[in-house]
Amino acid sequence: MMRLLIQRGSVLLLRPVAVLAEGAFVPGGNVLIHVLPIAAMALTASSVPVHLHFMIMAPGKPERQAVARAYVGGLVNVTLIALSILSAILLVVWPAIDPVLLLSICCVFLVEKFSDELTRYFEFGKRYNLWFAVQVARSGWLFVPILLAASGYAYDFAFLASALISALASTTLFFIATGLKPRFSIMGWGVMRTNGVFLSGAILLALHRQGPRIVVAHLFPQVAHVFQAVAQLGQGASLLFNIKYQIPYRRLIARRPMLFERRFEPIFKRLLWLAFGMTAVGLAVHVILPASPDAADGTILTSLVPIMIADALAFSVLSAYFGYMPWLSGGRKVLATYATGAILLLSTVGISYAVLTKASDFVEIVPTLMVALSALWIWLVRHRHFTPRERHVGS
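Residues numbered from 1 in each chain as written. Predicted model: local features only at pLDDT ≥ 70, side-chain atom pairs only at ≥ 80, totals over all residues. Heavy atoms only, no water.

Draft legend 1. Spatial organisation of the overall build of the chain. When helices and strands are tallied, the chain shows 18 helices and 0 strands. Taking as baseline every contact in the chain between residues at least 6 positions apart, the subset at least 24 positions apart corresponds to 78%. When the accessible surface of the chain is summed, it comes to about 18,400 Å², and 69% of that surface belongs to carbon and sulfur atoms. (Helix = DSSP H or I, 4+ residues; strand = E, 2+ residues; numbered from the N terminus. Contact = heavy atoms within 4.5 Å. Areas by Shrake-Rupley, 256 points an atom, 1.4 Å probe, with all protein chains shown as cover.)

Written as structure tokens, this is what we have:
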């Protein structure tokens, strides 16, 4: 377990360092602060679990070939649909987007998508050294365009070229390592429909996690690199949560999620109260030590860091509950919960915009409202899907 923590923790450091390096060594280079959250949002939103049957099936079983075709078909279909929707949304929402930036976002999404599938394949096979190597390459290539820019090359074109090569490499490595062949398959649509209920939840979680980073990149570009670096480091809270409360209990969660939730509910509540306390500390620091939203002003970190760690902690608990929910209730009830969650999300966005128009130096309001949104979503899921009657039946 300690080895797993060290491996995942060391990989986690690469991206915030790359983001800070872009801000420090590439004047006017605001590529990563847009590319990374948008690509990550698309990755999360496209995380339909088409892999599950293929990953858990023993290699010698006769039906494995058909399952493999369905997996590849579903993966290719999901990837192409996600790319099409991502491009369309960006062109509509951001009509002035630079074509080079648009292509870079699409390439980074492909890197993320096939690296994610490849690391999952190695993780299921318990080939952790290969998992670690892929994770290092997945983030390590981000330093290449920064070095090229420091050598005099145009940063945006250097980034696009690096992203394109990385996308081709990650896609090729996935198919070589798994022994699968890229193909379109009608069976893939069936796998997507079967797991379609997960898509709505994935989209909501993607908007929750990456939306604030995109907002800050547009409204506070002067602090966006610091904000995203801290957000990346804040994922360490999620890493510790998963290693402590998710990975060791995967079998129990899959078989008896109600029993697992009943056992760990007191701990999850304490973690939420801890998140509330850290948020209060950050807001108090903002009031006592007011600072302009400028990365050069170090006082903003003293208020921003505890709130963003609290945001990551609350989001970890929320992700766990969102993961249990489709296993406990029918599709209509789950979709109704997602719809209510979407309304709460839109309300949060409206409140954030209203506050920022009145207090443009209050960047801390963004992660603060995300903590509140996580708590509201957790209450909603528990109220609708973890009632006393369902607890009794599920246990």
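The rest of the description comes next.
Draft legend 2. Examining a nonpolar patch on the surface more closely. On the surface, a cluster of nonpolar side chains totalling about 470 Å² of accessible area is made up of Ile81, Ile85, Ile89, Val92 and Val93. Secondary-structure assignment places valine 93 in helix H5 (residues 64–93). (Patch = residues over 30% accessible without salt bridge, like charges linked within 9 Å, V, L, I, M, F, W, Y side chains within 5 Å. Salt bridge = Lys/Arg side-chain N within 4 Å of Asp/Glu carboxyl O.)

Draft legend 3. Main features of the nonpolar core. Judged by nonpolar contacts, the single largest core of 37 residues is most densely connected at Leu32, Ile105, Tyr155 and Phe159. Looking at this core, the elements with two or more residues in it are helix H2 (14–25), helix H3 (32–45), H5, helix H6 (99–124), helix H8 (143–150), helix H9 (155–178) and helix H11 (197–219). For this core, the leading source of residues is H6, giving 9 residues. Setting aside its immediate chain neighbours within four residues, isoleucine 105 contacts Val35, Ile38, Ala39, Leu86, Leu90 and Ile97. Counting 35 residues, the second largest nonpolar core, distinct from the first, contains Leu204, Met370, Leu373 and Trp377. (Core = buried A, V, L, I, M, F, W, Y, C linked by side-chain atoms within 4.5 Å. Buried < 20%, exposed > 50% of the residue type's maximum accessible area, 1.4 Å probe, protein only.)

Draft legend 4. Representation of the packing of H3 against H6. Viewed as axis vectors pointing N to C, H3 and H6 meet at an angle of 50 degrees, and their least axial separation amounts to 9 Å. On the basis of their axis angle, the class for H3 and H6 is oblique. Considering only the axes of H3 and H6, their crossing is right-handed. Packed against H3, whose contacting residues are Val35, Ile38, Ala39, Ala42 and Leu43, the element H6 presents Leu101, Ser104, Ile105, Val108, Phe109, Glu112, Lys113 and Asp116 at the interface. When the residues that make up the contact of H3 with H6 are grouped by side-chain class, the tally is 9 nonpolar, 1 polar and 3 charged. (Axes fitted to C-alpha atoms, helices over the stretch in contact; angles between N-to-C directions. Parallel < 35°, antiparallel > 145°, perpendicular 65-115°, else oblique. Left-handed = near helix turned anticlockwise from the far one by under 90°. Nonpolar A, V, L, I, M, F, W, Y, C, P; charged D, E, K, R; others polar.)

Draft legend 5. Spatial organisation of H3. Taking 1.5 Å of rise per residue, the 14 residues of H3 would be expected to cover 20 Å, and the 19 Å separating its terminal C-alpha atoms lies within 8% of that figure. By the criterion of burial, H3 is predominantly enclosed, with 12 of the 14 residues buried. Taken residue by residue, H3 has Leu32, Ile33, His34, Val35, Leu36, Pro37, Ile38, Ala39, Ala40, Met41, Ala42 and Leu43 as its buried positions. (Expected span 1.5 Å × (residues − 1).)

Draft legend 6. Quick peek at unusual backbone geometry. Phi at lysine 126 takes a positive value of approximately 55 degrees, unusual for a residue other than glycine. Within the element layout of this structure, lysine 126 appears in the loop between H6 and helix H7 (128–140).

Draft legend 7. Summary view of helix H17 (residues 365–385). The terminal C-alpha atoms of H17, which comprises 21 residues, lie 30 Å apart, in line with the 30 Å expected from a rise of 1.5 Å per residue. Within H17, 16 of the 21 residues are buried, which leaves the element mostly enclosed by the surrounding structure.

Draft legend 8. Molecular detail of the side chain of serine 170. Turning to its location among the elements, serine 170 is positioned in helix H9. Here the side chain of serine 170 touches alanine 167 through a polar contact of 3.1 Å, landing on its backbone oxygen. Once residues lying within four places of it in the same chain are set aside, the contact partners of serine 170 are Leu110, Val111, Phe114 and Ser115. (Polar contact = N/O pair within 3.5 Å; in protein donor to acceptor, adjacent residues only side chain to side chain.)

Draft legend 9. Fine view of the pattern of salt bridges. What the rule picks out here adds up to 8 salt bridges. Between glutamate 112 and arginine 138 there is a salt bridge, with its nearest N and O atoms 3.1 Å apart. Separated by 26 residues along the polypeptide, glutamate 112 in helix H6 and arginine 138 in helix H7 bring together distant segments of the chain. By the burial criterion, glutamate 112 is buried, and arginine 138 matches it.

Draft legend 10. Examining the packing of aromatic side chains more closely. Inspection of the entire model under this criterion finds 18 aromatic pairs. On the numbers, 5.8 Å between centres and 55 degrees between planes, the contact of tyrosine 121 with phenylalanine 122 is tilted. Summarising the burial analysis for this pair, tyrosine 121 and phenylalanine 122 share the class buried. Relative to phenylalanine 268, the ring of phenylalanine 241 lies with its centre 5.6 Å away and its plane at 40 degrees, an arrangement referred to as tilted. Of this pair, phenylalanine 241 sits in helix H12 (residues 221–245) while phenylalanine 268 sits in helix H14 (residues 257–288), placing them 27 residues apart in sequence. Here phenylalanine 241 matches phenylalanine 268 in class, with each residue buried. One aromatic cluster is present, formed by Phe241, Tyr245, Phe260, Phe264, Phe268 and Tyr321 through successive ring pairs. (Phe/Tyr/Trp six-rings, centres within 6.5 Å; stacked < 30°, edge-to-face > 60°.)

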